[in-house]
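Structural overview
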Amino acid sequence: MTVDVLVIGGGNAALCAALMAREAGASVLLLEAAPREWRGGNSAHTRNLRCMHDAPQDVLTDAYPEEEFWQDLLKVTGGQTDEALARLTIRASSHCRDWMRGHGVHFQPSLSGTLHLSRTNAFFMGGGKALVNAYYRSAEKLGVQVRYSAPVDRLELQDGRFVAAFVGSERIAAKACVLAAGGFESNREWLREAWGQNARGEWPSDNFAIRGTRFNQGVLLRQLLQAGADTIGDPTQAHMVAIDARAPLYDGGICTRIDCVSLGVVVNREGRRFYDEGEDFWPKRYAIWGRLVAQQPGQVAYSVIDAKAAGRFMPPVFPGTRADTLPELAQKLGLDVPAFMQTLNGYNAACRVGRFDHTLLDDCHTEQLLPAKTHWARSIDKAPFYGYALKPGVTFTYLGLKTDETAAVSFGGVPSANLFVAGEMMAGNVLGKGYTAGVGMSIGTAFGRIAGVQAAQAAMKSGVHHAAA
Ligand SMILES: Cc1cc2nc3c(=O)[nH]c(=O)nc-3n(C[C@H](O)[C@H](O)[C@H](O)COP(=O)(O)OP(=O)(O)OC[C@H]3O[C@@H](n4cnc5c(N)ncnc54)[C@H](O)[C@@H]3O)c2cc1C
C-alpha cells in the first residue's frame, strides 16, 4: 500500500499536518501508536494556545503584539531559540484560530484561577481532548485514513529521503512523511540515561511521574539521531512540575498540579526547607519546582499550608493531609517531628508580615532565615494545617530534530526532500529551555500546518499521485 503522505503520531501536530496535507489534495494515512481511546498524546491534556494579537479578539483581551511575545520567548529560553522560527510561530499564532474553528475547535475565555492568561492565551472549549476529537472527526470526514495501535518501530531512509515506515513487520511506503511523534518523556530508560545516578546512589528519574501519555517513547527520535539527523536541544532538559505524589505514573494531567507552594513552606523528607517559596508569582515559578524536588533526597517534598491559605489557590484533585496541630501533620506525613518543628518554628519566628497581597510581590518576607522566603511569608499557625507530598512530574523533553522554516528534517545541514517534522519532536528549535504557557500548542500548530503542506507538495513533485482511499 502506498499513500502520498504518511503522518506518524496522533496529537495536535500530527493532526494539523494530516488536515493540511489532505486539504492540499494529498492522500494521507495517519499512524497513532495509542489505541483509539487513548489517542491524542499530550495534546489531549492541554487547555490553551498562546496567540499574538494587536487588538482584542473574540476570547482574547487587550493586545499581545509580536514583539512582546518574542521578548517573552527570549526571556524564558535565555536566548536558546531560533529567532526566524520563533517569529514564524508567533505570526502563525495570530491567524490559525479561524482554520482551527473550521475543523470544529471552539474557544472560550480563560477561567478564573488559570494563571491570568486571558490576554495571551486562547482556551479550548472542552480542553485539548475536545480539540483532538474535533480534528479526528474532521480528518475522517475529509478522507484521512487513521490507524490506531500502530506504533512505528523504525523508518527506512535512503540518502536523507523517507522511503517507508515499519509497524512490526508491516512495511508502509509513502511519498513523503511527517514525524509528529512527541518527545521521549515516557521512556523511563532514556530518562535514566539523561538524568543519571546521583551521589546518593538514586536514579532520580525512577521517582518521576509522566504528566501525559505513555506512548511518547522517542523510538523514532532515537533512530533518527543514530541515522545522523541534525538535532537540537539538551537531553537533560525537561519541562517538569511539582505534582501530587499520589499522581499516577502516566496521564495524571493538569489536575495533579499542586499550586499552594507560594502560600506556605516546602520541606524535604528531612523536614528542611530548600528554596524560596515566594521568589516570584506562581505562574512564573511553577515550572522550576519539579526540578527542585527532583534534587531532594528520594525526589519527594511536602508543601505545607495553614487555614489562611484556603481558597487562595486552585484546589488539587485529591484533598491534602489534614491535621489540627503541626506536630500531628508532621507525623501523618511521615516526617521526623522534631526536625519539622524546628524548621516551622524557625520560619514562623523569621516572618516579617507587612501587607499580605497574593496578587502583588508583597512585603511579607523573612529575615535572617536561609533560604529566605521573599514574598507572601506569613507564619503557619492557624489550624487546620494541610500537607501535600510532591514529586516531579515530567511534561515533555526538549531534545528534538533540527529544522527550518519548511519543517524539513536535515542531515548534515542538508534538508530532506520528503521528511518533515512537527510538534514536540522539533519544539527545541523555538524553545531550547524554559517555558511560557501555551507555546507548545502554538509551535505544534504552526509547524504541523507547514509540515503538512510541504509533505503534500513533496509527494506531488515526486510523480504519481495516489488518490485518497
Ligand atoms: C498535562 C499537560 C498539560 C499541558 N498543557 C498545555 C497547554 O495548555 N498549552 C500548551 O501549549 N501546551 C501544553 N502542554 C504541552 C503540549 O501537550 C505539547 O506541547 C503538545 O501537545 C505537543 O504536541 P505533539 O503533537 O507534538 O505531541 P503529542 O500530543 O504528545 O502527540 C504525540 C503523538 O505521537 C504518538 N506516537 C509516539 N510515538 C509514536 C510512534 N512510534 N508511532 C506512532 N505514533 C507515535 C503518540 O501516541 C501521540 O499521539 C501540556 C502538556 C501536558 C502533559
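Keep in mind that this is a model prediction, so the values were computed, not measured.

Things to note about the packing of aromatic side chains
Throughout the structure, instances matching the rule amount to 11 aromatic pairs. Taken together, a centroid distance of 5.2 Å and an interplanar angle of 25° make the contact between Y64 and F69 stacked. The same class applies to Y64 and to F69, which are both buried. Note on F184 and W190: the rings are 4.0 Å apart at their centroids and 15° apart in plane angle, and the pair reads as stacked. Overall, F184 belongs to the buried group, its relative accessible area being 0%. Its relative accessible area of 4% is what places W190 among the buried residues. Among the aromatic side chains, those forming a connected cluster through ring pairs are F274, Y275 and W289. Above the plane of the ring of Y286 lies R257, whose end atom (NZ or CZ) is 4.4 Å from the centre. One Lys or Arg, R378, reaches over the ring of F356 and ends 3.5 Å from the middle of that ring.

Remarks on the site of the ligand
Near the ligand you find 39 residues, and of these E32, S43, N48, E424 and M441 are the closest. A distance of 3.4 Å separates an oxygen atom of the ligand from a polar backbone atom of G40. Taking F215, its main chain carries an N or O atom lying 3.4 Å from a nitrogen atom of the ligand. With the chains in place, 97% of the 1,000 Å² that the ligand exposes on its own is no longer accessible. Elements with a contribution of two residues or more to the shell around the ligand: α1 (12-23), β18 (385-397) and α11 (439-461). The greatest single-element share of the shell around the ligand, amounting to three residues, is contributed by α11.

Here we look at helix α5 (residues 188-195)
Buried within α5 are the following residues: W190, L191, A194 and W195. Viewed along the axis of α5, the buried residues span an arc of 125°, placing them on a single side of the element. Those residues of α5 that are exposed and angled more than 90 degrees off the buried face are E189 and E193. Close packing links the buried residues of α5 with β10 (209-210), α6 (219-226), β12 (238-244), α8 (289-294) and β18.

Quick word on the pairing of strand β9 (residues 170-179)
By the criterion of burial, β9 is predominantly enclosed, with eight of the 10 residues buried. Note that strand β1 (residues 2-8) and β9 share six bridges and pair parallel. Along β9, the bridge assignment pairs L6 with C177. Strand direction decides the pairing type here: strand β8 (residues 161-167) and β9, joined by four bridges, are antiparallel. Residue V167 lies in a different strand from β9, and its bridge partner there is E170. Between β8 and β9, which pair antiparallel and follow one another directly, the connecting turn spans two residues, one of which, G168, has a positive phi of 60°. Where β9 meets strand β21 (residues 414-421), three bridges bridge the pair, whose relative direction is parallel. Bridged to L179 within β21 is V421.

Basis of the calculations
- Residues numbered from 1 in each chain as written.
- Predicted model: local features only at pLDDT ≥ 70, side-chain atom pairs only at ≥ 80, totals over all residues.
- Heavy atoms only, no water.
- Phe/Tyr/Trp six-rings, centres within 6.5 Å; stacked < 30°, edge-to-face > 60°.
- Buried < 20%, exposed > 50% of the residue type's maximum accessible area, 1.4 Å probe, protein only.
- Lys NZ or Arg CZ within 6 Å of the ring centre and 35° of its normal.
- Near = heavy atom within 4 Å.
- Polar contact = N/O pair within 3.5 Å; in protein donor to acceptor, adjacent residues only side chain to side chain.
- Areas by Shrake-Rupley, 256 points an atom, 1.4 Å probe, with all protein chains shown as cover.
- Helix = DSSP H or I, 4+ residues; strand = E, 2+ residues; numbered from the N terminus.
- Arc of directions from axis to C-beta.
- Contact = heavy atoms within 4.5 Å.
- Pairing = 2+ DSSP bridges.

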